[in-house]
Each structure stands twice: as structure tokens, then as C-alpha cells.
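# Report on the structure
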Amino acid sequence: MSDGLNITPVLAAGSNAALYTFLAYTLAVFGLAAMSNQLLKSKSFMSEYFLGSRSLGVWAFALTFAATSASGGSFTGFPSKIYSHGWTLALWIGSYMVVPICAMGLLGKRINQVARISGSITVPDVLRDRFHSAAFGILATLLIVFFMTFNLVAQFKAGATILTTLLSDVELYHNATASVNAMTAGVPFLAAVDPGYLICLFAFGVAVIIYTTYGGFHAVVWTDVMQGVVMVIGVMIMLPLAIWQAGGMQHATEEMAKMTPPRIGTVTLQLSEPQQDSFVLQAQTWLKAPGEDQQERLFRVAKNTSIPPGGTQVQEVDVVEITTPEEIARIKGQLERDPLTDQLPVEYQLTEIDVSEFEYGAGKQGVYVVGPGPHKSNSNGFLPLSLAISFFFMWAISGAGQPSSMVRLMAFNSSTTLRRSIFTVTLYFSFIYFPLVVIFCCARILLPGMDSTTDRIMPEMAILLTKNVGMLWLAGLLVAAPFAAVMSTVDSFLLMISSAVVRDIYQRNINPKASEKTVKLLSYACTFVVGSGAMLGALNPPQYLQDIIVYTGGGLAACFLGPMVFTLYWPRANAPGVISGMLAGFVAHLSMYVAGIFMFEDFFQNVRPYQLFDFDPVVIGLFVSFIAVYVVTLMTPPPPAELVDRYFRKKYLHNTSAEE
């Protein structure tokens, strides 16, 4: 048997150029944080640190809203889904274009108005003050901390993964990896963590924690503006490069139409003779084995696998097997043309091949270009019609229920800003999401066999595209796009959690007379501690980033959207009603995931919640939450008249919302 081959993108000498571009971007982020910190010295700390003194104009408001929404899921999890399931992801994400209309149009002016009346700084502030209910504020705080913690861990994983790919061929990184590996070998909870991932997780975590802690809300907003620009530029550069290198849209679609889903599993690697030195079988190395009718089988290694000295057998090597004859022929032709890299040092054989077919799409051509799309474990495919309808609500409606978006809606300076921002954000999302579908459909042609490591597809694609045109320095900018998305989400979530703890628990319930100095120190400390905790949680991260994003996004919407709509628009709404709706939405949504644990054996490998009537849990959660608020409110006494007067009488509303 011939040597294992590898046709992965090689950065070589250009890797440092990409790194320098990326470092320049990171330094700019710290510069903005330093500028923002100067504002904290001249304005009210709480309002400035957590809300930017409610002074955001069109571009700042629009881009910070968009950048916070376009998280690591957009640039890591979403490309992963496109690569895995094909063109049907355009339908899956299609309603995201109307998120600004739903979120900003439905809640924007009213939540800004109510927050100004009460002087609220956080979402729990709004709910607590609207009903004079400390219990409601604490409940909202606990739910935000619960969901945001999950999301932060996933986002930290995304940031570390992106850095790992960028640094993969930097000599300093490899030296540091060897040193960290030696230091952590005897530490129980670190021994199983990849040292390269550990370095990148630490670097990402320290950077984002420091600039968020130091700069506060304005640092987040200003970096969001820069990150928003970087994201759209990165996508616009990648789009024509991907189409051109894939041979054009028509050719790429025709090639995808021929594809059948791969087989995923493990093989045993049998070497012809023992090795004197240890050897690492590199991830994405191609291996071959005899097949039926004289046809060779082609496998791609999913992750680095160590071969110890003297060993002749490596069991359970994770692989992806290509199943499309045309794709096998194309890859073999490329292997013959490209220089050989990462070869095995001796002849080998593959034994004990244990690979499994997809539940939906196995052996079928065309599944990557039509719905519902292939799926590893669901016999109904990725996106049956009922689930497509569910995700319309998931993105379009539940997007309005995210507390991170609500905080932004409390910070704009005028109604004109709000109207113009709705238009701006809608265009921005169109320039981001539809091109991403095209780019990562092309990735199936350009980077075959990455089905076990799809969360790495964005940075891998950025490196490949720039390497092929001889502009590796540009890889730093393109990798900065997903990195920017992750940073803009992490910084917002860090501030949300710290504001919830400091403002809504400590200042509002434990020490209402706390001095500004005390509040400032606690805010800094809380932001730092929460970020550090999320970084530790990401040491053993979830396998699929987008599944965590979907769970937390749906859960927050099920908890907050119904109660917030009734809070803002129904004078009859009372504390028992909205609290019941919040708890009912939480329980209904969570129960679908708990049921999935018992119903699906592979739940923890492929998160599959139970879908009542084939609808996603967010639809059930939203329905139950809205009904609970309405029914319980009518069954309990109305709110005090003075509260209704304060928030709904015109004489109180005049000049309290941000008007022209």
C-alpha cells in the first residue's frame, strides 16, 4: 500500500504574514478599549459601563446590534451546518433577514421608552421596575446567567478553534505547544486537553476578558463596529474566491448534485514494521484501502493520532470515507499532482474498518442540493418542512426575545436612529448569510472529507482560498472575520452577566447604597471572574457549537419574548402573569431537550430534542409562554393604577422615549 497523502492547505512561509495581519487587528481592539475607558472617568459609571449612556447613533447602534447577533454560530456553527447539509441551509436561515424588523420594530421604541421612564440599565431592571417585583428581577437574572453561561462556553471554544487553525504552521506556536504539553502531562484535568487548543483558548480568553473588563459598553460597541466591518469585508472577499476556485456556481452545483454522504467511523492502522521514533499521523491525511471490484476506498483522518515508538498497530483512528466515485477520482488526481506531505514512514494496511452510513441520504445523489438535506442520525433528514417552519419562528420571532438584543434597544438615541438601523441591519444580514451559504457549499468541493471536524471549516476555507491565490497575508483578515463575530458576542454576553449580577442582584437587593467605587470594582471583578469561568468550562467544550447556540437562543426566547411583549404593550399585565409565562416557557422548552435524552441514544453526540408535532422546541416554548401569561394574568388581580399610569399615560410618556 502506498503512503498516506495530505492535500490540506499549507501556510508555510506565509503563515507569519497571516499572523501579523491578525495581530494588527487585535491591537486595534485594545486601542478602542483604552479610548472607551477614558469615557468611564467622565460619566456615570453604571449607565456608561453597561449602556453607553443611551447615546448610540445609527452606525454604532446598527453595527453593534448586527455584530452581536452574528456570533460564533454565524461564522463557525453556521458554515459547519452548510458544509454538512448543503443548499437547504438557505431555507434554514432565510428568515434571519427579517430579524431586525421583528426585534427592532416590535420592541425597539417601546423598550427604550420604558427603560428611560424607570432609569433601567438591564433587562431584569425593566421587568422589576415595571411591576415593582424584586422576585421577578431575580428570576430574570438567574435565567440570563443560566443560558448565557452555556453560550459563553461554546463561544470560547469557537474563538480557540479559529486561532488553532490560523497558527497551525507557525513555528513559535509548535514550540509553545511542546512546552505546554510537557507542563500539563501530569495535571489530571489538563492531561486530556490538546495543548495547542489550550494555548489558543488562553490567548483568546485573556484578550476578550481584558478589553471588555477595561472598556465596558462603549469598548464593546466600538469594537463591534470595527468587527462588523471586518465581517462583511471578509465575506465579500471570500465569496468570489470560493466561486472561482470551485469552477463557478454551475460547476459547483453539478458536483454537489453527484455527491453522496460520506461514511464516518474508525479504522485500525497496521504498519508493516515498528517505528523507532514516535510519529504523529496528521489530521486530514488521506489513507487508501482495497475495495470491491478493484475500486480503492479513500479515507481522510479526522484528528491527529500518535504512533508510539515500537508500535505497529494504531486502533480506532477517526476517519471519514468518501463515497462518491467522481469525488474519489478527483481527489486521487489532485493527490498525484500535489507535493506529498505528512507521509507515513512505512507501508500500511487498514483493518477493522468500522464506518457507518448516514440515516438519511446514504447512497443517494442530489441530497446536498435539495431538501431536507442529509443527516447522520435522523431518518427524516436535516430540515423537513415542519422544522423549516419552526426555524422561521426560531430566527425571525425568537430573535426578538434575546436579552442581548434588548440591551442594545435600550441604548439608541432617537427614533430616527431606530428606523434607519432596521434598514441597515437587514441589508447587513443579507450581505453576510446568503454569501456564506454559497461559500461553504463550494467548500464541499474544495475541502472534501471534513465531515467530522466541520467546526473548523471557516478558518480552513479562509486559509485555502488565500493560499491558492498567493496572498497568505490576507488569511489573517479573513480569519479575523469569524474571530470578530465570536469576540463581539462574548464581550456582550460578559457585560450582560456581570450587569445582571452587580446591578440586579447586589445593588438592587443586597446593598442599594453601594458607592460608585464599590460598584465599579465589583463590575470589573465580576466581568473578569465570569470570563475566566467560561474559559475553564471550554477546556472540554461541546462538540457541536451550533447546537448550543440553537438551544440557548430558543430557551431565552421562550423565557423572555412573551413576558416582555405583555410587559411593554398590555396595561393589564401583572407580576404573577409574566412570571408564570417566563417559567412556563423555560420548562416547556427544556422538557423537549430532556425528553430527547431518554428517546435518542445518540443525544450527546448529535443533540436531538423531542419535537412535539414535529415542531422545534422554541415554537412550543413560545406558545406555552404566551398562553400562560394571558391566562394567569386574567386569573389574578390587576396591577396598581399608579404603575399603569406611569408607563401607559401619554403625559408620562412625553419626551421620555428617544424622539427626533
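Residues numbered from 1 in each chain as written. Predicted model: local features only at pLDDT ≥ 70, side-chain atom pairs only at ≥ 80, totals over all residues. Heavy atoms only, no water.

## A few points about the overall build of the protein chain
For clarity, the threshold we go by: Runs of E in the DSSP output that reach at least two residues are strands. Runs of H or I that reach at least four are helices, and both are numbered from the N terminus. Between buried and exposed lies partly exposed: a residue is buried under 20% and exposed over 50% of the maximum accessible area for its type, with that area taken using a 1.4 Å probe on protein chains only. Note on contacts: a residue pair qualifies if any of its non-hydrogen atoms lie within 4.5 Å across the two residues. Accessible areas in this description were obtained via Shrake-Rupley with a 1.4 Å probe; residue shielding takes into account the shown protein chains only.
For the protein chain, the helix and strand inventory stands at 23 helices and eight strands. By the burial criterion, 61% of the 660 residues in the protein chain qualify as buried. Within the protein chain, contacts between residues at least 6 apart in sequence are counted, and of these 83% link residues at least 24 apart. Working note: accessible area of the protein chain is about 25100 Å², and carbon and sulfur atoms make up 63% of it.

## Brief notes about the pairing of strand 5 (residues 296-301)
As a reminder of what qualifies: Here, any two strands with at least 2 DSSP bridges between them count as paired.
With five bridges connecting them, strand 4 (residues 285-290) and strand 5 associate as antiparallel partners. The residue bridging Leu287 from the neighbouring strand is Phe299, located in strand 5. Bridge analysis of strand 5 against strand 7 (residues 313-322) gives four bridges, and the strand direction is antiparallel. The partner of Arg300 across the bridge, within strand 7, is Val320.

## Observations regarding helix 9 (residues 171-184)
The condition is simple: Under the convention used throughout, the expected extent of a helix is 1.5 Å for every residue step, that is, one less than its residue count. In this description, one arc is meant: the one made by directions from the helix axis to the C-beta atoms.
For helix 9, with 14 residues, the first-to-last C-alpha span of 20 Å sits near the 20 Å given by 1.5 Å per residue. If you check which residues of helix 9 are buried, you get Tyr173, Thr177, Val180 and Thr184. Considered in projection along helix 9, the buried side chains sweep an arc of 70° and stay on one side of the axis. Relative to its buried face, helix 9 has exposed residues pointing more than 90 degrees away, namely Glu171, Leu172 and Ala182.

## A short note on the packing of aromatic side chains
Note the following rule: Note on aromatic pairs: the rings of Phe, Tyr and Trp (six-membered ring only in Trp) are paired at centre separations within 6.5 Å, and the planes decide the class, stacked below 30 degrees, edge-to-face beyond 60, tilted for the rest. Distance and angle both matter: a charge sits over a ring if NZ of Lys or CZ of Arg is within 6 Å of the ring centre and within 35 degrees of the ring normal.
With the rule as written, the count across this model stands at 19 aromatic pairs. Geometrically, the ring pair formed by Tyr96 and Phe429 is tilted, given 5.0 Å between the ring centres and 55° between the ring planes. With a gap of 333 residues between them, Tyr96 in the loop between helix 5 (89-93) and helix 6 (99-118) and Phe429 in helix 15 (residues 415-446) connect regions that are remote in the sequence. An identical accessibility class is assigned to Tyr96 and Phe429; each is buried. Ring centres of Phe146 and Phe586 lie 5.8 Å apart, and the angle between their planes is 80°; this geometry places the pair in the edge-to-face category. In this pair, Phe146 is assigned in helix 8 (residues 134-166) and Phe586 in helix 20 (residues 575-599), connecting sequence segments 440 residues apart. The structure contains a cluster of three or more aromatic residues connected by ring pairs, namely Phe78, Trp92, Tyr96, Phe382, Tyr428, Phe429 and Tyr433. In this structure, Arg110 packs its charged tip against the face of Phe648, placed 4.8 Å from the ring centre. Sitting over the ring of Tyr368, Arg444 keeps its end group 4.3 Å from the ring centre.

## Notes on the nonpolar core
A general trend in soluble globular proteins is that nonpolar side chains are found buried together. So the rule is basically this: Among the buried residues, those of types Ala, Val, Leu, Ile, Met, Phe, Trp, Tyr and Cys that are joined through side-chain atoms within 4.5 Å form a nonpolar core.
Among the nonpolar cores identified, the biggest contains 153 residues, and Trp92, Phe156, Phe440, Met461 and Phe560 are the most heavily contacted of them. Here this core gets 17 residues from one element, more than from any other, and that element is helix 15. With near-sequence residues (within four places) excluded, Met461 lies in contact with Met238, Ala242, Ile439, Phe440, Cys442, Ala443, Leu446 and Leu447.

## Describing a nonpolar patch on the surface
In plain terms, the rule: Each patch is built from residues lacking any salt bridge and having more than 30% relative accessible area; the joining distance is 9 Å for like charges and 5 Å for nonpolar side chains (Val, Leu, Ile, Met, Phe, Trp, Tyr). By definition here, a salt bridge exists when the distance from a side-chain nitrogen of Lys or Arg to a carboxyl oxygen of Asp or Glu is within 4 Å.
On the surface, Phe623, Ile627, Tyr630, Val631, Leu634 and Met635 cluster together into a nonpolar patch covering about 640 Å² of accessible area. Note that Tyr630 resides in helix 21 (residues 617-635). Classification of Tyr630 by relative accessible area gives partly exposed; the value is 43%.

## Quick word on helix 15
The end-to-end C-alpha distance of helix 15 is 46 Å, a good match for the 46 Å that 32 residues give at a rise of 1.5 Å each. Most of helix 15 is tucked away, with 24 of its 32 residues classed as buried.

## Points about the confidence of the model for the protein chain
Detailed reading of the predicted coordinates is not advisable wherever pLDDT falls low. This is how it is decided: Confidence of the predictor at the level of single residues is captured by pLDDT, which takes values from 0 to 100.
Averaged over every residue, the pLDDT of the protein chain is 80; the share at 70 or more is 84%. Overall, residues 1-14 carries pLDDT values under 50, and its contacts beyond four positions in sequence, including any with other chains, amount to 57 contacts. A low-confidence stretch, residues 654-660 stays under pLDDT 50, and its non-local contacts, those more than four residues away or across chains, total 18 contacts.

## Let's talk about the packing of helix 8 against helix 18 (residues 516-537)
Describing two packed helices takes the angle between their axes plus the distance from one axis to the other. Just so we agree on the cut-off: Angles shown run from 0 to 180 degrees and are taken between the N-to-C directions of axes, each axis being a line fitted to C-alpha atoms and, for helices, limited to the stretch in contact. By the definition adopted for this analysis, an angle is roughly parallel if under 35 degrees, roughly antiparallel if over 145, roughly perpendicular if from 65 to 115, and oblique otherwise. It is the rotation of the near helix from the far one that decides the hand of a crossing: anticlockwise by less than a right angle makes it left-handed, clockwise makes it right-handed. Three categories are distinguished: nonpolar for Ala, Val, Leu, Ile, Met, Phe, Trp, Tyr, Cys and Pro, charged for Asp, Glu, Lys and Arg, and polar for the others, with Gly belonging to the last.
At a closest axis distance of 8 Å, the pairing of helix 8 and helix 18 adopts a crossing angle of 65°. It follows that helix 8 is roughly perpendicular to helix 18 by the angle criterion. Here helix 8 runs over helix 18; the crossing is right-handed. Note on element contacts: helix 18 touches helix 8 through Val530, Gly531, Ala534, Met535 and Gly537, opposite Leu152, Val153 and Phe156. By residue class, the composition of the contact of helix 8 with helix 18 is six nonpolar, two polar and no charged.

## Here's the deal with the side chain of Thr268
We apply this condition: Whenever a nitrogen or oxygen atom comes within 3.5 Å of another N or O atom, the pair is scored as a polar contact, on the condition that within protein one atom can donate a hydrogen and the other can accept it, and that pairs from neighbouring residues in sequence are kept only if both atoms are in side chains.
Mapped onto the elements of the fold, Thr268 is located in strand 2 (residues 263-271). At 3.5 Å, the side chain of Thr268 and the side chain of Glu352 are in polar contact. Not counting the four nearest positions on each side in its chain, Thr268 is found in contact with Gln313, Val314, Gln315, Glu316, Gln349, Leu350, Thr351 and Glu352.

## A few points about the packing of helix 15 against helix 16 (residues 457-468)
Contact geometry of helix 15 with helix 16 gives a least axis separation of 11 Å together with a crossing angle of 70°. Put simply, helix 15 runs roughly perpendicular to helix 16. In this structure, helix 15 uses Ile439, Phe440, Cys442, Ala443 and Leu446 to contact helix 16, whose residues at the interface are Ile457, Met458, Met461, Leu464 and Leu465. A per-class count over the contact of helix 15 with helix 16 returns 10 nonpolar, no polar and no charged.

## Section: the side chain of Thr177
Its place among the elements puts Thr177 in helix 9. Not counting chain neighbours up to four residues away, the residues in contact with Thr177 comprise Pro195, Gly196 and Ile199.

## Overview of unusual backbone geometry
The linkage connecting Gly371 with the following residue, Pro372, adopts the cis geometry, with an omega of 5°. Here Pro372 is to be found in the loop between strand 8 (348-356) and helix 13 (385-397). In this model, His132 sits at a positive phi of 50°, which is unusual for a non-glycine residue. Here His132 is to be found in the loop between helix 7 (123-131) and helix 8. At Glu352, a position not held by glycine, the phi torsion is positive, near 50°. Under the relative-accessibility criterion, Glu352 is labelled exposed at 58%.

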